[in-house]
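Spelled out, the chains give:
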Amino acid sequence: MKRMIFNIRPDLKGKVELRDILLKKFNCSQCGEETIDGWEFDLDGTRQLITAATVCNRCGTKELSSLVTDELIQKRVDSLLSNWYFLPDKETAGFRNFQPVNELIKEAKQKAMNYVGAFSQDDLKEKNLLIMGNPGTGKTHLSKAIARTLKARGFKVGFIPAVELFNKIKGTFDSGSSERLYEDMKKLDLLIIDDMGVETTKLNDVSWTVRTWTEIIDARLGLANIWTTNLDDTHLGEVVGQRAFSRMYEDTRFIDLFTDDYRKTKTIK
Ligand SMILES: Nc1ncnc2c1ncn2[C@@H]1O[C@H](COP(=O)(O)OP(=O)(O)O)[C@@H](O)[C@H]1O
Ligand SMILES: [Mg+2]
Ligand SMILES: [Zn+2]
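Please read all numbers here as calculations on a predicted model, not as lab measurements.

Can you break down the overall build of the protein chain residue by residue, with the values?
Each helix and strand counted, the protein chain has 10 helices and 8 strands in total. Taken over the C-alpha trace, the protein chain has a radius of gyration of 30 Å; the compact-globule value for 269 residues is 18 Å, which it surpasses by more than 25%. Considered along the principal axes of its C-alpha atoms, the protein chain spans approximately 95 × 50 × 30 Å. In the protein chain, buried positions account for 27% of the 269 residues. Of the contacts made within the protein chain by residues no fewer than 6 positions apart, 72% connect residues no fewer than 24 positions apart.

Next up, the structure:
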(Lines give C-alpha, C1' and ligand atoms only; values in the text may rest on other atoms or scores of the structure.)
(Ligands and ions follow the chains in the order given, each with its own letter.)
Protein backbone atom coordinates (compact mmCIF):
# COMPACT_ATOMS: atom_id res chain seq x y z
CA MET A 1 0.00 0.00 0.00
CA LYS A 2 2.76 2.40 0.95
CA ARG A 3 4.57 2.02 -2.34
CA MET A 4 1.37 2.81 -4.31
CA ILE A 5 2.27 6.45 -3.77
CA PHE A 6 4.88 5.97 -6.52
CA ASN A 7 2.15 4.92 -8.95
CA ILE A 8 0.35 8.17 -8.36
CA ARG A 9 3.50 10.30 -8.01
CA PRO A 10 6.38 8.61 -9.89
CA ASP A 11 8.34 11.86 -9.48
CA LEU A 12 8.79 11.04 -5.76
CA LYS A 13 10.89 7.93 -6.48
CA GLY A 14 14.32 8.39 -4.98
CA LYS A 15 13.25 11.56 -3.14
CA VAL A 16 11.23 9.94 -0.36
CA GLU A 17 12.04 6.78 1.54
CA LEU A 18 9.29 4.23 2.16
CA ARG A 19 10.04 4.19 5.89
CA ASP A 20 9.40 7.96 6.08
CA ILE A 21 5.91 7.62 4.63
CA LEU A 22 2.87 7.28 6.92
CA LEU A 23 -0.41 5.77 5.75
CA LYS A 24 -3.41 7.88 6.74
CA LYS A 25 -7.17 7.99 6.34
CA PHE A 26 -8.76 11.16 4.99
CA ASN A 27 -12.32 12.41 4.80
CA CYS A 28 -14.43 11.80 1.71
CA SER A 29 -15.31 15.19 0.23
CA GLN A 30 -18.88 14.04 -0.27
CA CYS A 31 -20.00 12.00 2.77
CA GLY A 32 -17.30 13.34 5.09
CA GLU A 33 -16.36 9.94 6.45
CA GLU A 34 -12.76 8.89 6.96
CA THR A 35 -12.75 6.51 4.06
CA ILE A 36 -10.01 7.77 1.76
CA ASP A 37 -6.53 6.31 1.80
CA GLY A 38 -3.64 8.73 1.76
CA TRP A 39 0.03 9.29 2.53
CA GLU A 40 1.88 11.71 4.72
CA PHE A 41 5.61 12.48 4.46
CA ASP A 42 8.24 15.21 4.50
CA LEU A 43 9.60 16.57 1.27
CA ASP A 44 12.35 19.19 1.34
CA GLY A 45 11.31 20.14 4.85
CA THR A 46 7.56 20.54 4.21
CA ARG A 47 4.79 18.20 5.28
CA GLN A 48 2.98 16.58 2.32
CA LEU A 49 -0.54 15.13 2.41
CA ILE A 50 -1.62 13.14 -0.62
CA THR A 51 -4.94 11.35 -1.07
CA ALA A 52 -5.76 8.51 -3.45
CA ALA A 53 -9.14 10.03 -4.37
CA THR A 54 -11.44 12.87 -3.37
CA VAL A 55 -14.59 10.78 -2.93
CA CYS A 56 -14.85 7.30 -1.47
CA ASN A 57 -15.93 4.29 -3.56
CA ARG A 58 -19.43 4.33 -2.14
CA CYS A 59 -20.01 7.99 -3.08
CA GLY A 60 -18.30 7.49 -6.43
CA THR A 61 -20.56 4.56 -7.29
CA LYS A 62 -23.63 6.48 -6.21
CA GLU A 63 -22.66 9.40 -8.43
CA LEU A 64 -22.00 7.12 -11.37
CA SER A 65 -25.30 5.31 -10.99
CA SER A 66 -27.20 8.57 -10.81
CA LEU A 67 -25.46 9.66 -14.02
CA VAL A 68 -26.49 6.38 -15.63
CA THR A 69 -30.06 6.81 -14.38
CA ASP A 70 -30.22 10.38 -15.73
CA GLU A 71 -28.96 9.16 -19.07
CA LEU A 72 -31.53 6.37 -19.18
CA ILE A 73 -34.33 8.77 -18.32
CA GLN A 74 -33.14 11.16 -21.03
CA LYS A 75 -33.01 8.30 -23.56
CA ARG A 76 -36.58 7.34 -22.70
CA VAL A 77 -37.73 10.95 -23.11
CA ASP A 78 -35.91 11.18 -26.46
CA SER A 79 -37.50 8.01 -27.77
CA LEU A 80 -40.92 9.10 -26.49
CA LEU A 81 -40.58 12.40 -28.33
CA SER A 82 -39.25 10.86 -31.52
CA ASN A 83 -42.41 8.73 -31.59
CA TRP A 84 -44.82 11.55 -30.96
CA TYR A 85 -43.27 14.76 -32.25
CA PHE A 86 -43.97 14.87 -35.96
CA LEU A 87 -42.29 18.21 -36.57
CA PRO A 88 -38.89 18.43 -38.27
CA ASP A 89 -36.22 20.68 -36.75
CA LYS A 90 -36.29 22.81 -39.88
CA GLU A 91 -39.99 23.62 -39.34
CA THR A 92 -40.40 27.39 -39.31
CA ALA A 93 -44.06 28.00 -38.40
CA GLY A 94 -43.99 30.14 -35.29
CA PHE A 95 -45.70 33.10 -33.65
CA ARG A 96 -43.30 35.58 -35.21
CA ASN A 97 -44.29 34.72 -38.78
CA PHE A 98 -48.02 34.44 -38.04
CA GLN A 99 -49.64 37.59 -39.44
CA PRO A 100 -52.69 38.98 -37.63
CA VAL A 101 -54.44 39.75 -40.93
CA ASN A 102 -57.90 40.29 -39.44
CA GLU A 103 -59.50 40.73 -36.02
CA LEU A 104 -60.46 37.06 -35.66
CA ILE A 105 -56.94 35.88 -36.53
CA LYS A 106 -55.40 38.47 -34.27
CA GLU A 107 -57.55 37.21 -31.40
CA ALA A 108 -56.68 33.60 -32.25
CA LYS A 109 -52.97 34.37 -32.11
CA GLN A 110 -53.38 36.14 -28.77
CA LYS A 111 -55.30 33.20 -27.32
CA ALA A 112 -52.64 30.76 -28.52
CA MET A 113 -49.90 32.90 -26.95
CA ASN A 114 -51.89 33.15 -23.71
CA TYR A 115 -52.15 29.38 -23.64
CA VAL A 116 -48.38 29.08 -23.96
CA GLY A 117 -47.88 31.67 -21.23
CA ALA A 118 -50.23 29.97 -18.79
CA PHE A 119 -48.80 26.54 -19.63
CA SER A 120 -45.24 27.70 -18.96
CA GLN A 121 -46.24 29.15 -15.60
CA ASP A 122 -48.24 26.04 -14.67
CA ASP A 123 -51.28 28.27 -14.46
CA LEU A 124 -53.63 26.62 -16.97
CA LYS A 125 -57.17 26.83 -15.71
CA GLU A 126 -58.52 25.08 -18.79
CA LYS A 127 -56.06 22.45 -19.91
CA ASN A 128 -57.40 21.91 -23.40
CA LEU A 129 -57.49 24.04 -26.49
CA LEU A 130 -59.85 23.33 -29.36
CA ILE A 131 -59.03 25.17 -32.57
CA MET A 132 -61.83 25.02 -35.11
CA GLY A 133 -62.08 26.75 -38.46
CA ASN A 134 -62.02 26.66 -42.21
CA PRO A 135 -59.11 25.11 -44.11
CA GLY A 136 -56.13 27.40 -44.64
CA THR A 137 -56.83 29.72 -41.73
CA GLY A 138 -53.69 28.89 -39.76
CA LYS A 139 -54.85 26.18 -37.32
CA THR A 140 -51.89 23.95 -38.05
CA HIS A 141 -49.52 26.92 -38.11
CA LEU A 142 -50.67 28.10 -34.67
CA SER A 143 -50.53 24.65 -33.13
CA LYS A 144 -47.02 24.15 -34.51
CA ALA A 145 -46.03 27.49 -32.99
CA ILE A 146 -47.33 26.33 -29.61
CA ALA A 147 -45.59 22.95 -29.97
CA ARG A 148 -42.23 24.46 -30.89
CA THR A 149 -42.31 27.09 -28.16
CA LEU A 150 -43.25 24.70 -25.36
CA LYS A 151 -40.82 22.03 -26.55
CA ALA A 152 -38.04 24.62 -26.52
CA ARG A 153 -39.01 25.39 -22.92
CA GLY A 154 -38.40 21.77 -21.99
CA PHE A 155 -41.90 20.32 -22.00
CA LYS A 156 -42.61 16.87 -23.40
CA VAL A 157 -44.77 17.86 -26.33
CA GLY A 158 -46.33 15.53 -28.86
CA PHE A 159 -47.48 16.90 -32.19
CA ILE A 160 -49.20 14.39 -34.40
CA PRO A 161 -51.57 14.66 -37.36
CA ALA A 162 -54.76 12.67 -36.67
CA VAL A 163 -54.07 10.52 -39.73
CA GLU A 164 -50.65 9.55 -38.34
CA LEU A 165 -52.14 8.81 -34.95
CA PHE A 166 -54.62 6.43 -36.52
CA ASN A 167 -51.87 4.79 -38.58
CA LYS A 168 -49.92 4.31 -35.38
CA ILE A 169 -52.87 2.69 -33.66
CA LYS A 170 -53.58 0.47 -36.66
CA GLY A 171 -49.91 -0.50 -36.60
CA THR A 172 -50.39 -2.04 -33.15
CA PHE A 173 -53.19 -4.38 -34.29
CA ASP A 174 -50.99 -7.35 -35.05
CA SER A 175 -48.63 -7.06 -32.12
CA GLY A 176 -51.38 -6.17 -29.65
CA SER A 177 -49.17 -3.37 -28.30
CA SER A 178 -51.81 -0.65 -28.23
CA GLU A 179 -51.71 -0.57 -24.43
CA ARG A 180 -48.08 0.56 -24.51
CA LEU A 181 -48.99 3.22 -27.03
CA TYR A 182 -51.69 4.62 -24.76
CA GLU A 183 -49.28 4.50 -21.82
CA ASP A 184 -46.73 6.53 -23.78
CA MET A 185 -49.45 8.95 -24.79
CA LYS A 186 -50.11 9.64 -21.10
CA LYS A 187 -46.47 10.54 -20.47
CA LEU A 188 -46.59 13.66 -22.65
CA ASP A 189 -47.08 17.04 -20.96
CA LEU A 190 -49.05 18.19 -23.99
CA LEU A 191 -50.48 16.24 -26.91
CA ILE A 192 -51.46 18.13 -30.03
CA ILE A 193 -53.62 16.24 -32.50
CA ASP A 194 -53.80 18.11 -35.76
CA ASP A 195 -56.66 17.95 -38.23
CA MET A 196 -59.16 15.71 -36.51
CA GLY A 197 -61.74 14.23 -38.81
CA VAL A 198 -59.42 13.78 -41.77
CA GLU A 199 -58.67 10.23 -40.62
CA THR A 200 -62.31 9.24 -41.09
CA THR A 201 -62.33 9.95 -44.81
CA LYS A 202 -59.95 7.03 -45.12
CA LEU A 203 -61.96 4.72 -42.89
CA ASN A 204 -65.47 3.49 -43.24
CA ASP A 205 -65.81 1.70 -39.94
CA VAL A 206 -67.46 4.49 -37.97
CA SER A 207 -67.93 2.44 -34.81
CA TRP A 208 -64.20 1.63 -34.71
CA THR A 209 -63.28 5.29 -35.27
CA VAL A 210 -65.62 6.42 -32.50
CA ARG A 211 -64.29 3.77 -30.13
CA THR A 212 -60.71 4.77 -30.92
CA TRP A 213 -61.35 8.49 -30.39
CA THR A 214 -63.06 7.66 -27.11
CA GLU A 215 -59.97 5.74 -25.98
CA ILE A 216 -57.62 8.53 -27.06
CA ILE A 217 -59.60 11.28 -25.32
CA ASP A 218 -60.06 9.13 -22.20
CA ALA A 219 -56.34 8.34 -22.06
CA ARG A 220 -55.56 12.06 -21.97
CA LEU A 221 -58.27 13.03 -19.49
CA GLY A 222 -56.98 15.56 -16.99
CA LEU A 223 -53.87 16.22 -19.12
CA ALA A 224 -53.29 19.07 -21.58
CA ASN A 225 -54.46 18.61 -25.15
CA ILE A 226 -54.76 20.71 -28.27
CA TRP A 227 -57.05 19.62 -31.07
CA THR A 228 -57.49 21.25 -34.44
CA THR A 229 -60.21 20.51 -36.95
CA ASN A 230 -61.93 21.84 -40.08
CA LEU A 231 -65.18 20.38 -38.79
CA ASP A 232 -67.94 22.25 -37.02
CA ASP A 233 -69.48 21.06 -33.73
CA THR A 234 -72.05 18.83 -35.37
CA HIS A 235 -69.62 16.97 -37.59
CA LEU A 236 -66.91 16.71 -34.95
CA GLY A 237 -69.48 15.11 -32.63
CA GLU A 238 -70.32 12.55 -35.30
CA VAL A 239 -66.66 11.68 -35.88
CA VAL A 240 -65.53 11.27 -32.28
CA GLY A 241 -68.83 10.15 -30.74
CA GLN A 242 -70.88 11.70 -27.95
CA ARG A 243 -68.73 10.63 -25.02
CA ALA A 244 -65.43 11.93 -26.41
CA PHE A 245 -67.18 15.02 -27.73
CA SER A 246 -68.55 16.05 -24.36
CA ARG A 247 -65.16 15.40 -22.71
CA MET A 248 -63.52 17.61 -25.33
CA TYR A 249 -65.73 20.49 -24.27
CA GLU A 250 -64.92 20.23 -20.57
CA ASP A 251 -61.93 22.09 -19.22
CA THR A 252 -61.35 23.69 -22.61
CA ARG A 253 -60.52 27.01 -24.24
CA PHE A 254 -61.73 27.60 -27.78
CA ILE A 255 -60.23 29.31 -30.79
CA ASP A 256 -62.59 30.11 -33.63
CA LEU A 257 -61.02 30.45 -37.06
CA PHE A 258 -64.10 30.37 -39.25
CA THR A 259 -62.73 33.06 -41.54
CA ASP A 260 -61.07 33.35 -44.96
CA ASP A 261 -58.20 31.16 -46.16
CA TYR A 262 -54.96 33.00 -45.35
CA ARG A 263 -53.47 32.39 -48.79
CA LYS A 264 -56.57 33.82 -50.51
CA THR A 265 -56.43 36.89 -48.28
CA LYS A 266 -52.82 37.35 -49.41
CA THR A 267 -53.55 37.11 -53.14
CA ILE A 268 -56.42 39.62 -52.91
CA LYS A 269 -54.11 42.24 -51.40
N1 LIG B 1 -51.96 34.32 -40.20
C2 LIG B 1 -50.99 33.69 -40.91
N3 LIG B 1 -49.77 34.25 -41.04
C4 LIG B 1 -48.81 33.65 -41.78
N5 LIG B 1 -48.97 32.49 -42.42
C6 LIG B 1 -50.18 31.88 -42.33
C7 LIG B 1 -51.24 32.44 -41.57
N8 LIG B 1 -52.30 31.62 -41.66
C9 LIG B 1 -51.91 30.59 -42.43
N10 LIG B 1 -50.64 30.74 -42.84
C11 LIG B 1 -49.90 29.85 -43.74
O12 LIG B 1 -50.83 29.36 -44.69
C13 LIG B 1 -50.67 27.96 -44.91
C14 LIG B 1 -51.95 27.23 -44.48
O15 LIG B 1 -52.12 27.36 -43.06
P16 LIG B 1 -52.44 26.14 -42.12
O17 LIG B 1 -51.98 26.47 -40.76
O18 LIG B 1 -51.95 24.88 -42.72
O19 LIG B 1 -54.05 26.15 -42.17
P20 LIG B 1 -55.08 25.14 -41.56
O21 LIG B 1 -54.35 24.20 -40.69
O22 LIG B 1 -56.05 26.00 -40.83
O23 LIG B 1 -55.72 24.46 -42.74
C24 LIG B 1 -49.48 27.55 -44.11
O25 LIG B 1 -48.35 27.59 -44.94
C26 LIG B 1 -49.37 28.62 -43.02
O27 LIG B 1 -48.03 28.80 -42.60
MG1 LIG C 1 -54.23 22.12 -40.87
ZN1 LIG D 1 -18.06 9.15 0.67
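That covers the picture; the talk isn't over yet.
Let's hear about the sheet that holds strand β6 (residues 190-196): which residues, and what values?
One open sheet holds the 5 strands; their spatial order is β5-β6-β7-β4-β8, and the pairing between them is parallel. Where the open sheet ends on each side, the last strands, each with one partner, are β5 (157-161) and β8 (252-257). With direction set aside, neighbouring strand axes in the sheet form an average angle of 10°. Strand direction decides the pairing type here: β5 and β6, joined by 5 bridges, are parallel. When the bridges of β6 are listed, I160 appears paired with I193. Sheet strands touched by helix α3 (residues 103-120): β4 (128-133), β7 (224-229) and β8. Its angle to β8, the strand with the most contacts, is close to 155°.

Can you lay out the nonpolar core for me, pointing to particular residues and giving the numbers?
One finds I131, I146, L190 and I193 to be the most contacted residues of the largest nonpolar core, which totals 42 residues. Residues contacting L190, with those up to four places away along its chain left out, are L150, F155, V157, A224 and I226.

Tell me about the site of ligand 1, residues and numbers included.
Around ligand 1, the structure places 16 residues, and the nearest of them are G138, K139, T140, H141 and Y262. Of all the secondary structure elements, the ones that give two or more residues to the shell around ligand 1 are α4 (139-152) and α10 (262-268). Top contributing element to the shell around ligand 1 by residue count: α4, with 3 residues. Its residues assigned to classes, the shell around ligand 1 comprises 6 nonpolar, 8 polar and 2 charged.

How would you sum up the domain arrangement of the protein chain? Please name residues and give values.
Domains assigned within the protein chain are domain 1 (2-57) and domain 2 (86-268). Computed from C-alpha atoms alone, the centre-to-centre distance between domain 1 and domain 2 is 64 Å.

Can you tell me about the pairing of β4, naming the residues and giving the values?
Taken across its 6 residues, β4 has 6 buried, putting it largely inside the fold. Of the two faces of β4, the one carrying N128, L130 and M132 and the one carrying L129, I131 and G133 are both buried. Relative to β7, β4 runs parallel, the two being bridged by 5 bridges. Across the sheet, residue L130 finds its bridge partner in β7, namely W227. As defined by bridge partners, β4 adjoins β8 across 6 bridges and the pair is classed as parallel. Along β8, the bridge assignment pairs L130 with F254.

Explain unusual backbone geometry residue by residue, including any values.
A positive phi angle, close to 50°, is found at D44, a residue other than glycine. Relative to the helices and strands, D44 resides in the loop between β2 (34-43) and β3 (46-51). Note on D44: 6 C-beta atoms within 10 Å, which makes it exposed. Positive phi outside glycine occurs at D195, with the angle close to 65°. Mapped onto the elements of the fold, D195 is located in strand β6. In this structure D195 comes out as buried when scored by C-beta crowding, with 20 C-beta atoms within 10 Å.

Which residues make up the sheet that holds β2, and what values do they have?
Ordered by their spatial adjacency, 3 strands build an open sheet running β1-β2-β3, and the pairing between neighbours is antiparallel. Strand pairing shows two members of the sheet lacking a second neighbour, β1 (22-27) and β3, which therefore form its edges. Adjacent strand axes in the sheet meet at a mean angle of 35°, parallel and antiparallel pairs treated alike. As judged from the 6 bridges shared by β2 and β3, these two strands associate in the antiparallel manner. Note that in β3 the partner of F41 across the bridge is Q48.

How would you sum up α3? Please name residues and give values.
Over its 18 residues, α3 extends 26 Å from the first C-alpha to the last, a length consistent with the 26 Å expected when each residue adds 1.5 Å. Of all the positions in α3, only I105, A108, K109, A112, Y115 and F119 are classed as buried. When α3 is viewed along its axis, its buried side chains cluster within an angular range of 115° and face the same direction. In α3, the exposed residues that point more than 90 degrees away from the buried face are E103, Q110 and G117.

Reading the values: rules and limits
- Residues numbered from 1 in each chain as written.
- Chains lettered and ligands numbered in written order.
- Predicted model: local features only at pLDDT ≥ 70, side-chain atom pairs only at ≥ 80, totals over all residues.
- Helix = DSSP H or I, 4+ residues; strand = E, 2+ residues; numbered from the N terminus.
- Rg over C-alpha atoms; globule rule 2.2 N^0.38 Å.
- Buried ≥ 20, exposed ≤ 12 C-beta atoms within 10 Å, placed from the backbone.
- Contact = placed C-beta atoms within 7 Å.
- Pairing = 2+ DSSP bridges.
- Axes fitted to C-alpha atoms, helices over the stretch in contact; angles between N-to-C directions.
- Core = buried A, V, L, I, M, F, W, Y, C linked by C-beta atoms within 7 Å.
- Near = placed C-beta within 6 Å.
- Nonpolar A, V, L, I, M, F, W, Y, C, P; charged D, E, K, R; others polar.
- Domains from an automatic or database assignment.
- Expected span 1.5 Å × (residues − 1).
- Arc of directions from axis to C-beta.

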